[in-house]
Amino acid sequence: MSAQRSPRRPARGAAVEAVTPLAPRPVHRAVFRQFWRDLVFVHWEADPFEVARLLPPGTAPDLFQGRAHAGLIFFRMQNLAPGPLPSLPYLGGFDEINVRLYSKDALGRRGVVFRSLDCDRLVPVLAARAAFGLPYRWAHTSRHWYGDRLMYRSRRRGASEASARVWLEVGPDPVEPGPLEEFLTHRWGLHTQWFGRTWHMPLTHPRWTFRRCGLLDVDASVLSAAGLTPPAGGPVSALYAPGLPVRFGPPTPLPPMSRSRRRR
C-alpha cells in the first residue's frame, strides 16, 4: 500500500501569526457589522488528512499540537448591518448553526473555513452565497432558554439527515479559556473559495468572555453532511459566551499559487 501523503501546506511565506485575544490587523472599513449572542462552541478532533481535502486552495489545516479540529457553533445573529448603514429590520436577526474547520495561509494568517452555515432567513442565505461564496443553507432553527439551560435546534430544509442540537447548562461564573480554547476562538478572518479564487475576509471584535457551562446533550449529524467523518468520541471542548459586536472587513484574494504548486 502506498504511503499516506501529508496534509497539503500552503506555499512558503510569512511565519504563522500568534494566537492573540485581540485582532492583529485593524478593520478600517467594515463591510458588515453584527452582534453575536449566546454562542456555544462544541469541538471534536478531526482527521487532518480529511480536513486538508476540504479546505480551499492556498490554505492548509491549522493544527493544535499536531491535531486538527472541527467545530459546531451555535449563536443568535443580531443587528446585521451592511457597512455604515443601520441594521436590517427582520432580516438582520436569526439563529445560525455552522460547521467550521481551521486554516492558515501563505501570508501567515490563521482563519476558519465554513463547511456549512444554517439559518432560517432565506434572503441572507441567498445574499451571502452570491456575494461571498459562503455555504449558507436554509434551515428550520430554534433557540430557547429554560432557566439556566439553553437549547439550540436546527434541521436543514429538504435534508432531514442534516440536523444539529445542543443542550447545555450555563453557570454565572466566568471561566478562562485554556490553550486549546484560545486556539479555536481567537480567529481573525475566514477563508472562502469564490469565483475560482481563495479569499481572506478579516474580522475584529472585543476580547471574548466565557462562562462556565456543562454540556448535557449534542447532536452533530450536520458534520457528516459537511463532508466529515462522524466523531468517534465525545467533544474535546464546550464553551458558552454571552456575546459581542463583530466587524468584517473587505475580502482580498490570496496570492495565486505557482504552476508547480498546482501540479502537486
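As the structure is a prediction and not an experimental result, all values here were calculated from the model.

Enquirer: Outline the nonpolar core, supporting the account with residue identities and numerical values.
Expert: Counting 34 residues, the largest nonpolar core has Trp36, Phe41 and Trp208 as its most contacted members. Residue contributions to this core peak at five residues, all from strand 12 (residues 237-248). The next biggest cluster of nonpolar side chains, apart from the first, holds 27 residues, and it includes Val40, Trp44, Ala68 and Val166.

Enquirer: For the pairing of strand 10 (residues 197-204), give the residues involved together with the corresponding values.
Expert: For strand 10, a buried count of seven out of eight residues is recorded, marking the element as mostly surrounded by other parts of the structure. Pairing of strand 9 (residues 189-194) with strand 10 involves six bridges; the strand directions are antiparallel. Paired with Gln193 across the bridge in strand 10 is Thr198. Following strand 9, the chain reverses through two residues before pairing antiparallel with strand 10; Phe195 in that reversal takes a positive phi of roughly 55°. Two strands pair when backbone bridges link them, and strand 10 and strand 13 (residues 252-253) are joined in this way by two bridges, in the antiparallel orientation. When the bridges of strand 13 are listed, His200 appears paired with Thr252.

Enquirer: Please set out the confidence of the model for the chain residue by residue, giving values where relevant.
Expert: Averaged over every residue, the pLDDT of the chain is 90; the share at 70 or more is 91%. Here helix 5 (residues 259-263) stands out as the element of the chain with the lowest mean pLDDT, 43, in contrast to helix 3 (residues 179-185), whose mean of 98 is the highest. Note that pLDDT drops below 50 for residues 1-6; the model gives that stretch four contacts with residues more than four away or on any other chain. Ignoring residues within four places in sequence, the model shows residues 258-264, a span with pLDDT below 50, making five contacts including any to other chains.

Enquirer: Go over the pairing of strand 4 (residues 94-105), please, and point to the residues and values.
Expert: By the criterion of burial, strand 4 is predominantly enclosed, with 11 of the 12 residues buried. Pairing of strand 2 (residues 59-61) with strand 4, which is carried by three bridges, proceeds in the antiparallel orientation. The residue of strand 4 that forms the bridge with Ala60 is Lys104. Sheet topology places strand 3 (residues 68-82) next to strand 4; eight bridges connect them, and they run antiparallel. Bridging from a neighbouring strand, Phe74 pairs with Ile97 of strand 4.

Enquirer: Describe the layout of surface pockets, with residues and values.
Expert: Put simply, the largest pocket is a space of about 590 Å³. Taken together, 36 residues line the largest pocket, and the ones lying closest to its centre are Gln34, Met77, Leu134, Tyr136 and Phe248. Taken together, the elements giving at least two residues each to the lining of the largest pocket come down to strand 1 (32-46), strand 3, strand 4, strand 5 (110-119), helix 2 (122-132), strand 9 and strand 10. For the lining of the largest pocket, the element with the highest residue contribution is helix 2, accounting for six residues. Of the residues contributing to the lining of the largest pocket, the split by class is 28 nonpolar, five polar and three charged.

Enquirer: Could you give me a rundown of unusual backbone geometry, with the residues and numbers involved?
Expert: The phi dihedral of Asn79 is positive, around 55°, even though this residue is not glycine. Mapped onto the secondary structure, Asn79 falls in strand 3.

Enquirer: Give a description of the side chain of Ser163 that names residues and reports values.
Expert: In this structure, Ser163 sits in strand 8 (residues 163-175). In terms of polar contacts, Ser163 uses its side chain to reach the side chain of Asp219, at 3.0 Å. Leaving out residues up to four positions away in the same chain, Ser163 has contacts with Ser154, Arg155, Asp219, Ala220, Ser221 and Val222.

Enquirer: Quick one: what's the story with the packing of aromatic side chains, residue by residue and with numbers?
Expert: A full pass over the atoms with the stated rule returns 11 aromatic pairs. Arranged with centres 6.0 Å apart and planes meeting at 85°, the rings of Trp145 and Tyr240 form a pair that is edge-to-face. Highlighted residues: Trp145 in strand 6 (residues 136-146) and Tyr240 in strand 12, separated in sequence by 95 residues. On the accessibility criterion, Trp145 (34% relative accessible area) is partly exposed. Residue Tyr240 is classed as buried on the basis of its relative accessible area, which comes to 2%. Summarising the aromatic geometry, the rings of Trp194 and Phe195 are spaced 5.1 Å apart at their centres and angled 65° between planes, so their arrangement reads as edge-to-face. Every member of this aromatic cluster is reached through a ring pair, and the members are Trp36, Phe75 and Phe248. The ring of Trp138 has Arg157 sitting right over it, with the charged end atom 4.0 Å from the ring centre.

Thresholds, definitions, all that
Residues numbered from 1 in each chain as written. Predicted model: local features only at pLDDT ≥ 70, side-chain atom pairs only at ≥ 80, totals over all residues. Heavy atoms only, no water. Core = buried A, V, L, I, M, F, W, Y, C linked by side-chain atoms within 4.5 Å. Buried < 20%, exposed > 50% of the residue type's maximum accessible area, 1.4 Å probe, protein only. Helix = DSSP H or I, 4+ residues; strand = E, 2+ residues; numbered from the N terminus. Pairing = 2+ DSSP bridges. pLDDT = per-residue confidence, 0-100. Contact = heavy atoms within 4.5 Å. 1 Å grid on protein atoms, 1.4 Å probe; cavity = no way out; pocket = protein on both sides within 12 Å on 5 of 7 lines; lining within 4 Å. Points joined across faces, edges and corners; volume = space filled by probe spheres on them. Nonpolar A, V, L, I, M, F, W, Y, C, P; charged D, E, K, R; others polar. Polar contact = N/O pair within 3.5 Å; in protein donor to acceptor, adjacent residues only side chain to side chain. Phe/Tyr/Trp six-rings, centres within 6.5 Å; stacked < 30°, edge-to-face > 60°. Lys NZ or Arg CZ within 6 Å of the ring centre and 35° of its normal.

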